[in-house]
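# Reading the structure
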Amino acid sequence: MPEKSIIEQTLLDLGATTPDKVASLFADVRQRFDEQVARHSNDPETWRVFLVQWTGRKSGALTQITDNWLKPASPELKKVVGAELNKLKAHVEASLEEKRKEVEAQAEQSSAARDAIDLSLPGVERALGTRHLIRQTFEELQRIFLSIGFSVVEGPEIETPYYNFEALNIPEYHPARDNMDTFYIEGARQGHLLRTHTSPMQIRTMEKQPPPVRIVVPGKVYRRDNPDATHGYMFHQIEGLAVDTDITFCDFKGTVDYFAREFLGPKTKTRLRPSYFPFTEPSAEVDATCHVCGGSGCRVCKQSGWIELFGAGMVDPAVYGFVKYDAERLSGFAFGMGVDRLAMLKYGVTELPVLFQNDVRFLRQFP
Ligand code: DAH
């Protein structure tokens, strides 16, 4: 900013009575202007202030020179002052225009620098999820059965009593049909229920396709159990069914053996205990030698050397009647495994609820 004293005074006040003196005053102003432009840092904020100080309409330096020097000038000097003022204006405007480009270029550069992505910084790493232990166990079970020619089918969780019970040879008076165990549905789908096991898919599959059948059925099932360390209102099963013209009890036992060795280790042995299911005859509980102690007895097998794996048996001929299969010609076996139970056994999980609480401290142990 030029010294106020100069441009606030008239030429008369300054004693500039000749063209030479006028020219030298303008030279002074121009020099000051040049110095200030040269010193300016190109900062956009102070740049705006600087512009106003020189070219502001109301009280910028050029306006003041017009008001204080040009307007009151004597007629003899007016021409010279006008010419000098025009030269100064042209110079100031040209310099400011040049400087403006620098200021803008710098502003652009620094904002680009602010926005620039620094590729050397470590990125934000998003943790990949993992398959849940139940999902992993399903996949392992499916792998084992796929490897011996079974295929995987799925079915509805909302079932009719016919598929869940009747066609599986579970008559009306059977305790499994007690309201205590089954969730019955009210409202629009009244007369339906939440399947209590995956066995209904035996019926649905045989209804749809002629023999032979070799399927496993993974899925959720529901029961009105009071929740505790080993029970919930929902759990997972995988059902198996093999039906053909030449399936014997030997095939059944061989399949069970193969499964147990694949799932628990090559040294595993199995035994069958007599049991009862309405849709198999004979029925059995399949036990395996304890995978922790190998059969000598430990805490996990409660010193017995054996652990209970799942229920199974040869398909009851009565079931074939419901699906119009020829019971004289056909035979087969079936099994139903509790997937949560098998996962807990194999991975040493002692509380069922941790499988469903989704606490990452638990989940991370099964990457
Ligand atoms: N559906 C039975 C249950 O949920 C389990 C079962 C047992 C299924 C024997 C079978 C079987 O297919 O043969 O308790």
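Remember, it's a predicted structure, so these values are computed and weren't measured experimentally.

## A word on the nonpolar core
By size, the foremost hydrophobic cluster in this structure holds 40 residues, and its most contacted members are F259, L309, F310 and M337. With near-sequence residues (within four places) excluded, F310 lies in contact with V256, F259, A284, E285, V286, F335, G336 and M337.

## Observations regarding the site of the ligand
The environment of the ligand is formed by 15 residues, the closest being H197, S199, R223, Q237 and E239. One nitrogen or oxygen atom from the side chain of Q202 is found 3.1 Å from an oxygen atom belonging to the ligand. The separation between an oxygen atom of the ligand and a polar side-chain atom of Q237 is 2.9 Å. For the ligand, whose accessible area on its own is 350 Å², the fraction buried by protein is 89%. Of all the secondary-structure elements, those providing two or more residues to the shell around the ligand are β5 (234-244), β8 (306-315) and β9 (331-338). Split into classes, the residues belonging to the shell around the ligand amount to five nonpolar, eight polar and two charged.

## Focus: the pairing of β8
Within β8, eight of the ten residues are buried, leaving the element largely enclosed by the surrounding structure. Bridging between strand β7 (residues 280-289) and β8 involves eight bridges; their strand directions are antiparallel. Residue S283 lies in a different strand from β8, and its bridge partner there is G313. Pairing geometry for β8 and β9, over five bridges, is antiparallel. Residue pairing in the sheet places M314 in a bridge with F333 of β9.

## Looking at the side chain of T137
Within the secondary structure, T137 is located in helix α7 (residues 133-146). Its relative accessible area of 1% is what places T137 among the buried residues. Among all residues touching T137, those that are not within four sequence positions of it are F263, V339, A343 and Y347.

## Quick look at the pattern of salt bridges
Under the defined criterion, the tally for this structure stands at 19 salt bridges. Ionic pairing is found between K71 and D67, a salt bridge with its closest N-O pair at 3.1 Å. Take K71: its relative accessible area is 55%, and that puts it in the exposed class. On the basis of relative accessibility, which here comes to 34%, the residue D67 falls in the partly exposed class.

## Some points on the pairing of strand β6 (residues 270-277)
Across seven bridges, the pairing between β6 and β7 is antiparallel. Looking across to β7, one finds that S275 is bridged to S283.

## Describing the sheet that holds β6
Strand order in the open sheet formed by seven strands is β1-β4-β5-β9-β8-β7-β6, and the pairing between neighbours is mixed. The open sheet has two free edges, formed respectively by β1 (151-152) and β6, since each of these has just one partner strand. Here helix α10 (residues 249-264) sits on the sheet in contact with β6, β7, β8 and β9, set at roughly 150 degrees to β8.

## A few points about the environment of Q209
By the secondary structure assignment, Q209 is in the loop between α9 (200-208) and β4 (213-222). Residue classification places Q209 among the partly exposed residues on the basis of a relative accessible area of 31%. Q209 sits 103 residues away from A312 along the chain, and the two C-alpha atoms are 22 Å apart. At 3.3 Å, the side chain of Q209 forms a polar contact with the backbone oxygen of P212.

## Considerations on the packing of aromatic side chains
Summed over all chains, the structure comprises 18 aromatic pairs. Between Y320 and Y325, the ring centres sit 6.3 Å apart and the planes meet at 15 degrees, which makes this aromatic pair stacked. Each member of the pair, Y320 together with Y325, is buried. Put simply, the rings of F145, F150, F259, F263, F310 and F335 touch in pairs and so form one group of aromatic residues.

## Some remarks on α10
In this model, α10 (16 residues) spans 22 Å end to end at C-alpha, consistent with the 22 Å of a helix rising 1.5 Å per residue. Buried residues along α10 sit against α7, β6, β7, β8, β9 and α12 (339-347). Where α10 begins, the capping side chain belongs to T248, and its oxygen is found 3.2 Å from the backbone nitrogen of C250. Once α10 ends, the next one or two residues include G265, with phi positive near 125 degrees.

## Side note on the environment of P211
With respect to the helices and strands, P211 occurs in the loop between α9 and β4. P211 sits in the partly exposed class, given a relative accessible area of 26%. Sequence-wise, P211 and A327 are 116 residues apart; in three dimensions their C-alpha atoms are separated by 11 Å. P211 has contacts with V243, Y325 and L330, leaving out every residue within four places of it along the chain.

## A closer look at unusual backbone geometry
Following P211, the chain continues to P212 via a peptide bond in cis, the omega torsion being 5 degrees. For the bond running from E281 to P282, omega is -5 degrees, close enough to zero to count as cis. Looking at the secondary structure, you find P282 in strand β7. Residue N42 is not a glycine yet carries a positive backbone phi of 75 degrees. The topology assignment puts N42 in the loop between α3 (19-39) and α4 (44-55).

Calculation notes
- Residues numbered from 1 in each chain as written.
- Predicted model: local features only at pLDDT ≥ 70, side-chain atom pairs only at ≥ 80, totals over all residues.
- Heavy atoms only, no water.
- Core = buried A, V, L, I, M, F, W, Y, C linked by side-chain atoms within 4.5 Å.
- Buried < 20%, exposed > 50% of the residue type's maximum accessible area, 1.4 Å probe, protein only.
- Contact = heavy atoms within 4.5 Å.
- Near = heavy atom within 4 Å.
- Polar contact = N/O pair within 3.5 Å; in protein donor to acceptor, adjacent residues only side chain to side chain.
- Areas by Shrake-Rupley, 256 points an atom, 1.4 Å probe, with all protein chains shown as cover.
- Helix = DSSP H or I, 4+ residues; strand = E, 2+ residues; numbered from the N terminus.
- Nonpolar A, V, L, I, M, F, W, Y, C, P; charged D, E, K, R; others polar.
- Pairing = 2+ DSSP bridges.
- Salt bridge = Lys/Arg side-chain N within 4 Å of Asp/Glu carboxyl O.
- Axes fitted to C-alpha atoms, helices over the stretch in contact; angles between N-to-C directions.
- Phe/Tyr/Trp six-rings, centres within 6.5 Å; stacked < 30°, edge-to-face > 60°.
- Expected span 1.5 Å × (residues − 1).

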